[in-house]
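Summary of the model geometry
Residue-level listing of the chains:
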Amino acid sequence: MLKFTPSTPLTLGVELELQIVNRRDYNLTRGASDLMELVHREPAPAGEIKPEITEGMIEISTGIHYDVDAMLAELASIRAVLLRHADRLNLGLCGGGAHPFQQWPDQRIYPQPRYRLVSELYGYLAQQFTVFGQHIHVGCPDGDHAVQWVQRLAPYMPHFIALSASSPFYQGVDSAFQSSRLNCVNAFPLSGFMPAVADWAEFNAYFDKMRGFGVVESMKDFYWDIRPKPEFGTLEIRVCDTPLTLTRAVQLAAYARALAAWFQAEPRAPEPDQMCMYAFNRFQACRFGLAGNLILADGASCSIAEHVLATLDTVLPYADHPGMRAALVALGEVARKQDGDAHWLRQQHQARGSLSQVVRLACEQWAAQ
């Protein structure tokens, strides 16, 4: 049985998967092992720096926060450590949900037992999983709240996909998607959305059944868009591309917290028909971003941008300090102008005609103070 460790409601944590590139042509490079060796030579920074499934990736994560300004400061301190080591190795680091022109057969699995097991189970999908996401953790008082909030968050996943979309290029071509990254995640058999369960006891029964079948060993085996994280006492949003800047990453976390604060203040059951449109709405967000068409539970439709703006109006009263309010206002401007990271990346490519130069500029964006 999974034990849900209670945590302070509405606290936040963020994980960001970053691209490691060379400074010659800005392709992905196998730099994770060398970076980790330098990181381990000095006292650990706040937060955490660790490898990911392939050698062209590295992940950073924060501690537990209530104040988004403090979260941004911690991420900036981790960035400073990583950039110093990357400079010594002549490496670049950047955000973005997918590297624009890397080729999956060139990727090598990081030498860690879990990643080797994933590679043995999923074959080439493990190398194709060299894509880069932001995970947002929101503290939950107990497992029942985690299950309820996960289900209430479902209609808002297109918002997070569209606001974070930063993977328009994939394997050297324009994918025509705003976020191509989630197409790689979709290939895994345990992707998608958590089954409809009423509470933590029912979730535990489902988990025990899946473990009894030999399908899963732990929660890590579920690649759902949102999942409970019982050992942390959180729910975990997993649909976001890694943004190009730390500021956007923190804004997305602030939005997740504001939604959870609304759910806490106004508890109610999920809309009964919301999952009928889930896959369609998710595709619209990946393909068209904020311009995508969202079908609502009552059958009405609007653009994702319009729904983001209406939802921000609803949750703004739950932004309980200036940093939170500023973050939500900034996301509102992104929705109004529909000029997120994917749009910026395409603009750079149109201006320069070179995907290598696009990655170089993305590295500058991520390093900017």
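In short, a report on the structure. Being a predicted model, the structure only gives us computed values, none of them experimental.

As for the side chain of glutamine 127
- Secondary-structure assignment places glutamine 127 in helix H4 (residues 124-128).
- Reaching out from glutamine 127, the side chain makes a polar contact with the backbone oxygen of glutamine 107 at a distance of 3.0 Å.
- When neighbours within four sequence positions are excluded, glutamine 127 is seen to be in contact with Thr54, Trp104, Pro105, Gln107, Arg108 and Ile109.

Focus: the layout of surface pockets
- Of the pockets and cavities examined, the largest pocket occupies roughly 940 Å³.
- Taken together, 45 residues make up the lining of the largest pocket; nearest its centre are Glu15, Lys50, Glu59, Lys220 and Glu236.
- Broken down by class, the residue content of the lining of the largest pocket amounts to 17 nonpolar, 13 polar and 15 charged.
- Of the voids in this model, the second largest pocket is the one considered here, and its volume is about 400 Å³.
- Pro155, Tyr156, Glu271, Gln274 and Ala297 are the residues nearest the centre of the second largest pocket, which is lined by 21 residues in total.

So, the state of the cysteines
- If you walk through the whole model with that rule in mind, you get 0 disulfides.
- Its sulfur unpaired, cysteine 286 is 11 Å from the next cysteine sulfur, which belongs to cysteine 184.
- Free cysteine: cysteine 302, not disulfide-bonded; nearest cysteine sulfur from cysteine 286 at 17 Å.
- Under the relative-accessibility criterion, cysteine 302 is labelled buried at 17%.

Focus on the environment of alanine 260
- Mapped onto the elements, alanine 260 comes out in helix H9 (residues 246-265).
- With a relative accessible area of 3%, alanine 260 lands in the buried category.
- Sequence separation between alanine 260 and arginine 152 is 108 residues; the distance between their C-alpha atoms is 9.0 Å.
- Ignoring anything within four residues of it in the chain, the contact list for alanine 260 reads Leu10, Val138 and Trp149.

Some thoughts on empty space enclosed by the protein
- Evaluation of the coordinates by the stated rule reveals 1 cavity of 30 Å³ or more.
- Lining the largest cavity are 14 residues, and of these Gln19, Gly95, Ala98, Pro100 and Leu345 sit closest to its centre.
- Partitioning the lining of the largest cavity into residue classes produces 10 nonpolar, 4 polar and no charged.

Definitions and cut-offs
Residues numbered from 1 in each chain as written. Predicted model: local features only at pLDDT ≥ 70, side-chain atom pairs only at ≥ 80, totals over all residues. Heavy atoms only, no water. Helix = DSSP H or I, 4+ residues; strand = E, 2+ residues; numbered from the N terminus. Polar contact = N/O pair within 3.5 Å; in protein donor to acceptor, adjacent residues only side chain to side chain. Contact = heavy atoms within 4.5 Å. 1 Å grid on protein atoms, 1.4 Å probe; cavity = no way out; pocket = protein on both sides within 12 Å on 5 of 7 lines; lining within 4 Å. Points joined across faces, edges and corners; volume = space filled by probe spheres on them. Nonpolar A, V, L, I, M, F, W, Y, C, P; charged D, E, K, R; others polar. Disulfide = S-S within 2.5 Å. Buried < 20%, exposed > 50% of the residue type's maximum accessible area, 1.4 Å probe, protein only.

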